[in-house]
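Coordinate inspection notes
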Amino acid sequence: GFTVLDCTNANVNRKRASFKESDVGKGHSCTEKTNFVFIKCMKCATETMGTIIRRFGLVRNLNFVVPVKNNIYLGWPFVIEETDYRPSKKPFNILMEHAVYNSTKMEKMMPNNAVYITIIREPWRRLTSSFWYFSLGYTVEPPVNFSEYIQNIQKYDEIYKEPEKKAFRFCFPNGFSVVKNLMAHCLGMPLGFPAGHKDISMNDTAIMQYIGELDAQFSLVMIADYFPESLVLLKRLMCWTFKDILYHSSNVRNHKIQEIIPTDEELKLYYDFSKIDFILYEHFNKSFWRKVQKQGPDFFDEVNHFKVVQLLMERFCFVENNANSKGQFLTIPKSKFNQEFNISSEYCSYMTRYLLEDIRKQYNRNELDGDASKYWYAKEPDKGEIPKRGCSFPLI
């Protein structure tokens, strides 16, 4: 289901592998796709997606772009540099840890047939989730509640970005906002960060042109607000299976604040503050549903069937707690949308572990014959060494 046009003219942007909806999910046999870039953006179901993708690559021993040392980002929120990732003897299959999208750099790093995927979220929901997750109300003393924060978001965001708040921000550099047009930044739109860099934020034509380029370069922009539908689209696009897209929600907070329905005034305040993310979301929300419409009548049957399989897995793995046992398995029967397959207790544990640590071990095995001591990029950071970029976990 993919067309790759070979553009020999260096000035022509290579057309990405394109999504021929007519070929997908219609019983045509298709080939599983294993070369791809997944761009994550904070608080867009990205850790949940991250676990799906890490598991997919690990069980197939695929080659990941691995951050250096114990870093968890690939240079994010700066553009990726060669010093941000560990070199490899083999071509890369998967780039999925936090990185700012940059077509020039990523095309050089990745195979020609790499598929580009990302996930975004309705901006107001992203804001309320971020407010809690990053404790944004505690930027000031005494702390402020959400409604006070949104009334004066510009003021509190400026305080948050100040050098004095560095310890509070943990991994984010000075001058970087986690609530203003963050999705556009993650997708590489030049918005003036770091200071002095190109900034198109006041140029509506340039913004729409950039969004159009993203549309051509990304085969799928998933929507976190429609997660099961997004996963089934991903499965069809990539010729994956239900087993590949099962998940256990990561980093989910059950805060009542996430249910906050904004007043018209609050929504307008935030729209004016983070307008580009709203424009981006509106554009890709429409294109998402256009893709769904082209999927044919059985798409929602497949989504509903996937929800049932997901519930069966959750009961087996986490209600009956088989993730912590050995040797148990659950059989999912064959259907129109899947072959029969087993979920083992070991597979359950893949859904809850922080798999980047497994990926580092896989790298050390495959690339270093297990001896990380010889290479700075695979060594544990020195005690007290604070990564200037990349953010470290586990902390030493």
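- With an unreviewed UniProt entry as reference, the protein is termed Galactose-3-O-sulfotransferase 3, source organism Magallana gigas.
- As stated in UniProt under Subcellular location (unreviewed entry), the record for the protein gives "Golgi apparatus membrane".
- In UniProt, the protein has this text filed under Sequence similarities (unreviewed entry): "Belongs to the galactose-3-O-sulfotransferase family."

**Some remarks on helix α3 (residues 123–133)**
- The element α3 is extensively covered by neighbouring structure, given that eight of its 11 residues are classed as buried.
- Among the residues of α3, those classed as buried are P123, W124, R126, L127, T128, S129, S130 and F131.
- Residues of α3 that are buried in the fold lie against α4 (146–151), α5 (153–161), α7 (182–186), α11 (264–273) and α12 (275–293).
- Between the side-chain oxygen of the N-cap and the backbone nitrogen of W124 there are 3.1 Å, and the N-cap of α3 in question is E122.
- Positive backbone phi, approximately 50°, marks S135, located one or two places after α3.

**Remarks on helix α1 (residues 46–59)**
- The end-to-end C-alpha distance of α1, which contains 14 residues, comes to 20 Å, matching closely the 20 Å that a straight helix rising 1.5 Å per residue would cover.
- In the stretch just after α1, N61 is the one whose phi turns positive, near 55°.

**What to know about the nonpolar core**
- Membership of the largest hydrophobic core comes to 125 residues, with the highest contact counts inside it found for F36, M49, F172, L231, L234 and I343.
- In terms of residue count, the dominant contributor to this core is α12 (eight residues).
- The residues contacting L234, other than those within four sequence positions of it, are M49, I117, L220, M222, W240 and I245.

**Concerning the confidence of the model for the protein**
- When the pLDDT values of the protein are averaged, the result is 90; 90% of them are 70 or greater.
- Confidence drops under pLDDT 50 across residues 17–27; counting only partners more than four residues distant or on other chains, this segment forms 29 contacts.

**Focus on the state of the cysteines**
- Overall, the coordinates contain three disulfides when judged by the stated rule.
- Bridging C30 to C239, the disulfide has an S-S length of 1.9 Å. Residues C30 and C239 are joined by a disulfide whose S-S torsion is about -130°; by sign, that bridge is left-handed. You can see C30 sitting in the segment before β1 (36–39) and its partner C239 sitting in the loop between α9 (227–238) and α10 (242–245), a full 209 residues away along the chain.
- Each disulfide pairs two cysteine sulfurs, and for C171 the partner residue is C391, the sulfurs being separated by 1.7 Å. Since a negative S-S torsion denotes a left-handed disulfide, the C171-C391 link at about 45° is right-handed. One end of the pair, C171, is in the loop between α6 (166–169) and α7; the other, C391, is in the segment after α15 (356–368), with 220 residues separating them in the sequence. Neither residue differs from the other here; C171 and C391 are each classed as buried.

Procedures and definitions
Residues numbered from 1 in each chain as written. Predicted model: local features only at pLDDT ≥ 70, side-chain atom pairs only at ≥ 80, totals over all residues. Heavy atoms only, no water. UniProt positions renumbered as here; feature names shortened; annotations may be inferred. Buried < 20%, exposed > 50% of the residue type's maximum accessible area, 1.4 Å probe, protein only. Helix = DSSP H or I, 4+ residues; strand = E, 2+ residues; numbered from the N terminus. Contact = heavy atoms within 4.5 Å. Polar contact = N/O pair within 3.5 Å; in protein donor to acceptor, adjacent residues only side chain to side chain. Expected span 1.5 Å × (residues − 1). Core = buried A, V, L, I, M, F, W, Y, C linked by side-chain atoms within 4.5 Å. pLDDT = per-residue confidence, 0-100. Disulfide = S-S within 2.5 Å.

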